[in-house]
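The lines below spell out each chain.
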Amino acid sequence: MRIAVTYENGQVFQHFGHTAEFKFYDVADGKITGEEVLSTLGSGHGALAGFLSMNRVDVLICGGIGGGAQNALKEAGIQFYGGVSGSADAAVLALLNGTLGYNPDVRCSHHDHEHGEGGHTCGSHGCGSHSCH
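Residues numbered from 1 in each chain as written. Predicted model: local features only at pLDDT ≥ 70, side-chain atom pairs only at ≥ 80, totals over all residues. Heavy atoms only, no water.

A.B. asks: For this particular structure, what's the right way to read the overall build of the protein?
C.D. replies: A count of helical and extended segments in the protein gives three helices and six strands. The helix and strand sequence of the protein, counted from the amino end, reads β-β-β-β-α-β-α-β-α. Residue burial in the protein is summarised as follows: out of 133 residues, 42% are buried. Contacts in the protein between residues far apart in sequence, at least 24 positions, make up 53% of those at least 6 positions apart. Accessible surface for the protein amounts to roughly 6600 Å². Of this, 47% is attributable to carbon and sulfur atoms. (Helix = DSSP H or I, 4+ residues; strand = E, 2+ residues; numbered from the N terminus. Buried < 20%, exposed > 50% of the residue type's maximum accessible area, 1.4 Å probe, protein only. Contact = heavy atoms within 4.5 Å. Areas by Shrake-Rupley, 256 points an atom, 1.4 Å probe, with all protein chains shown as cover.)

And the structure:
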């Protein structure tokens, strides 16, 4: 099994569509057998499900994720756990132990404004009036 985590500075990155890196974990018999961090090379919302498929991902752990991305992951056969925060490594261990806290109804509902202007990112706060979780 291959698990991917939206990744930034060791933490679960909170906006799937703006993920610059994923950390991949190869798992066999319930144990991590390999790890690597890969850049998405600027792939955006629409291309990330394909990027994950190309890298043979079975499971995704992420923070906020929009409905379109969720549908693309489902179509690609990738199971996802959204609404996760904290250490990427700890999240994978929790998933393997059956204790991962996640939100099955996660939605990222802020696609009506631009991110990145004036340093605005979802990874650094709760995004005010909209939600990434």
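More follows now that the structure is in view.
A.B. asks: Mind showing me how you'd approach the side chain of lysine 23 here?
C.D. replies: The topology assignment puts lysine 23 in strand β3 (residues 21-28). Only 2.9 Å separates the side chain of lysine 23 from the side chain of aspartate 89, close enough to count as a polar contact. Apart from the residues within four sequence positions on either side, lysine 23 is in contact with Ile3, Ala4, Val5, Tyr7, Glu35, Glu36, Val37 and Asp89. (Polar contact = N/O pair within 3.5 Å; in protein donor to acceptor, adjacent residues only side chain to side chain.)

A.B. asks: Please clarify how the side chain of arginine 2 should be interpreted in this entry.
C.D. replies: Secondary-structure assignment places arginine 2 in strand β1 (residues 2-8). Of the residues examined, arginine 2 reaches a relative accessible area of 4% and is grouped as buried. A polar side-chain atom of arginine 2 sits 2.9 Å from the main-chain carbonyl oxygen of asparagine 55. Leaving out residues up to four positions away in the same chain, arginine 2 has contacts with Phe24, Tyr25, Asp26, Glu36, Asn55, Arg56, Val57, Asp58 and Val59.

A.B. asks: Got a minute to help me understand the packing of aromatic side chains in this structure?
C.D. replies: Given two aromatic rings, their pairing is described by the distance between the two centres and the angle made by the two planes. What the rule picks out here adds up to five aromatic pairs. Consider the rings of tyrosine 81 and tyrosine 102, whose centres lie 4.8 Å apart with planes at 85°: the pair is edge-to-face. Residue tyrosine 81 is located in strand β6 (residues 79-81), and its partner tyrosine 102 is located in the segment after α3 (88-97); the two are separated by 21 residues in the primary sequence. Judged by its relative accessible area of 14%, tyrosine 81 falls in the buried class. Residue class for tyrosine 102 comes out partly exposed when judged on its relative accessible area of 40%. Put simply, the rings of Phe16, Phe22, Phe24 and Phe51 pair up and form one aromatic cluster. (Phe/Tyr/Trp six-rings, centres within 6.5 Å; stacked < 30°, edge-to-face > 60°.)

A.B. asks: What is the right way to look at the environment of asparagine 55 in this model?
C.D. replies: Relative to the elements of secondary structure, asparagine 55 occurs in the loop between α1 (45-54) and β5 (59-61). Note on asparagine 55: relative accessible area 12%, which makes it buried. Through-space distance from the C-alpha of asparagine 55 to that of phenylalanine 24 is 8.8 Å; in sequence the pair is 31 residues apart. Not counting residues up to four positions away in its chain, the partners in contact with asparagine 55 are Arg2, Phe24 and Leu38.

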